[in-house]
Amino acid sequence: MTGRKKRKLKSIETINNDRRMTVKDGKETVEQRTLADLPTELLEFILSHLTLKDSIRSSVVSKRWYAAAVSVRKANHPPWLMYFPKAGNLYEFYDPAHCKTYFVDYPELFGSRVCYTKDGWLLLYRPRNHRVFFFQPFSRELIKLPKFELTFQIVAFSCPPTDATCVVFTVKHISPTVVVISTCCPGATEWTTVNHQNRLPFVSSVWNKIIFYNGIFYCLSLTGWLGVYNPVKLTWHVLVVPPPKCPDSFYARNWWKGKFLAEYEGGLLVIYTCGTANPIIFKLDVTKMFWQEMETLDGLTLFASFLSSHSRTDLTGTMRNSVYFPKVRFFGRRCISYSFDDHRYYPRKQFHDWGKQDPFGNIWIDPPQDPSTFFNESC
């Protein structure tokens, strides 16, 4: 190159599919891409879908992964405890994470009792006129169902009433081997009632527990047998699974009030409590068809109440690996819980006396997105 300065060739890097191609001084080299080469936006998108536990684990990969994980990490929020007044229309909400109490007036709920809650919606029943309806306490949206007389059976629903697949379900027995199942969908003009036979005895009562899990309604009877209803196939049967075995101390007075059913990502859980005894939790093993006692919750948090129990993952701090009960002490500054890490109740010796508890007096419910919309706050 006479009369010209030689220009130094710059290194040029391109990425093609899963390989990095580098051209330097006219020579092309190929390198395999790794996860460390992911663009920041894509890395954050992937990490945002991890559970809290996996997000924390991913943070130790590198400083870049740590910054990305922290920027998109979201902790879950526990449900609130909703109390129903014995008189008047002033309802109380308790936030166990911040020990705060909110009061809201709901005149539209006058004369009704709560039946179930799921996804932030309440299902209520007004005995005076047999009116069944949904209510969203934070948006005040109300959806009516056809009239239906609920006597001694428990009722549940599959998903929010705004969803086209929502099904309301209730069951009661005519004889030990015959049950009558009633279902209804939002927008329907009447309930559908069908008798079903089952080979194993199933006796329903007001102490039953119902959970909708993986497209199926599971109904735990007073004696611990599990009835299964498929709302798509319209089939009912009782699982050949013997009830969980509990110590003799659990079969004391009012023992049935301390039994709860909850669903979580891995299946079904039964919680047994009685007096001063520590809670016992059983997990349904569907492959071997038996109830297995759990020694730990592996970071899961359970919120037990008579009408509807909830589970949460990704909660922070001391709330993990614990069971929270619907009872608040010390002027609203402490919710009674049991820690499986410490094998004790908090506060100490504050076990839940189910025999004196009104089972219809409260329920856990998903909190609002913005609690600041509430008024008359106290702490």
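Residues numbered from 1 in each chain as written. Predicted model: local features only at pLDDT ≥ 70, side-chain atom pairs only at ≥ 80, totals over all residues. Heavy atoms only, no water.

A. Up close: the overall build of the protein chain. Along its length, the protein chain carries 3 helices and 28 strands. Burial statistics for the protein chain: of 379 residues in total, 48% are counted as buried. Split by element, the accessible area of the protein chain, about 20700 Å² in all, is 54% carbon and sulfur. (Helix = DSSP H or I, 4+ residues; strand = E, 2+ residues; numbered from the N terminus. Buried < 20%, exposed > 50% of the residue type's maximum accessible area, 1.4 Å probe, protein only. Areas by Shrake-Rupley, 256 points an atom, 1.4 Å probe, with all protein chains shown as cover.)

B. Geometry of the sheet that holds strand β24 (residues 310–312). The 5 strands are arranged β24-β23-β25-β26-β27 in an open sheet whose pairing can be described as mixed. Whereas interior strands pair on both sides, the edge strands pair on one side only; in this sheet they are β24 and β27 (344–346). The sheet shows a mean angle of 25° between the axes of neighbouring strands, taken without regard to direction. As paired strands, strand β23 (residues 301–303) and β24 are joined by 3 bridges and run antiparallel to one another. Residue L302 lies in a different strand from β24, and its bridge partner there is S311. (Pairing = 2+ DSSP bridges. Axes fitted to C-alpha atoms, helices over the stretch in contact; angles between N-to-C directions.)

C. Region of interest: the pairing of strand β4 (residues 80–83). Residues W80 and M82 point to one face of β4 and L81 and Y83 to the other, with burial holding for every one of them. As paired elements, β4 and strand β5 (residues 90–95) share 3 bridges and run antiparallel to each other. Bridge pairing links Y83 to E92 in β5. Taking the residues between adjacent antiparallel strands as the criterion, β4 and β5 are bridged by 6 residues, where G88 takes a positive phi near 85°.

D. Structural detail: the layout of surface pockets. What the largest pocket holds in volume is close to 370 Å³. Along its surface, the largest pocket is lined by 18 residues, and H77, P78, P367, P368 and Q369 are the ones closest to its centre. Of the residues in the lining of the largest pocket, the class split is 8 nonpolar, 6 polar and 4 charged. (1 Å grid on protein atoms, 1.4 Å probe; cavity = no way out; pocket = protein on both sides within 12 Å on 5 of 7 lines; lining within 4 Å. Points joined across faces, edges and corners; volume = space filled by probe spheres on them. Nonpolar A, V, L, I, M, F, W, Y, C, P; charged D, E, K, R; others polar.)

E. Summary view of the pattern of salt bridges. The full count for this structure, using the stated rule, is 2 salt bridges. Taking the shortest distance from any N to any O, the salt bridge between R140 and E108 comes out at 3.1 Å. Here R140 is found in the loop between β9 (131–136) and β10 (141–144), whereas its partner E108 is found in the loop between β6 (100–105) and β7 (113–118), with 32 residues between them in sequence. For R140, a relative accessible area of 37% puts it in the partly exposed group. Of the charged contacts in the structure, one is a salt bridge between D366 and R312, with a shortest N-O distance of 2.5 Å. (Salt bridge = Lys/Arg side-chain N within 4 Å of Asp/Glu carboxyl O.)

F. Local environment of the confidence of the model for the protein chain. Confidence in the prediction of the protein chain, expressed as mean pLDDT, is 81, and 75% of residues score 70 or more. A low-confidence stretch, residues 1–20 stays under pLDDT 50, and its non-local contacts, those more than four residues away or across chains, total 30 contacts. (pLDDT = per-residue confidence, 0-100. Contact = heavy atoms within 4.5 Å.)

G. Region of interest: the packing of aromatic side chains. For the coordinates displayed, the defined rule picks out 24 aromatic pairs. Summarising the aromatic geometry, the rings of F169 and F217 are spaced 4.7 Å apart at their centres and angled 15° between planes, so their arrangement reads as stacked. One end of the pair, F169, is in strand β12 (residues 168–175); the other, F217, is in strand β16 (residues 216–220), and 48 residues separate them in sequence. For the pair formed by F169 and F217, the shared burial category is buried. On the numbers, 5.2 Å between centres and 80° between planes, the contact of F202 with W236 is edge-to-face. Taken as a pair, F202 in the loop between β14 (192–197) and β15 (209–213) and W236 in strand β18 (residues 235–238) lie far apart in primary sequence, 34 residues in all. Each member of the pair, F202 as well as W236, is classed as buried. (Phe/Tyr/Trp six-rings, centres within 6.5 Å; stacked < 30°, edge-to-face > 60°.)

H. Quick look at the nonpolar core. L123, F134 and W236 are the most contacted members of the largest nonpolar core, which totals 51 residues. The greatest single-element share of this core, amounting to 5 residues, is contributed by β16. Listed in part, the 19 residues of the second largest apolar core include L109, L122, W207 and I365. (Core = buried A, V, L, I, M, F, W, Y, C linked by side-chain atoms within 4.5 Å.)

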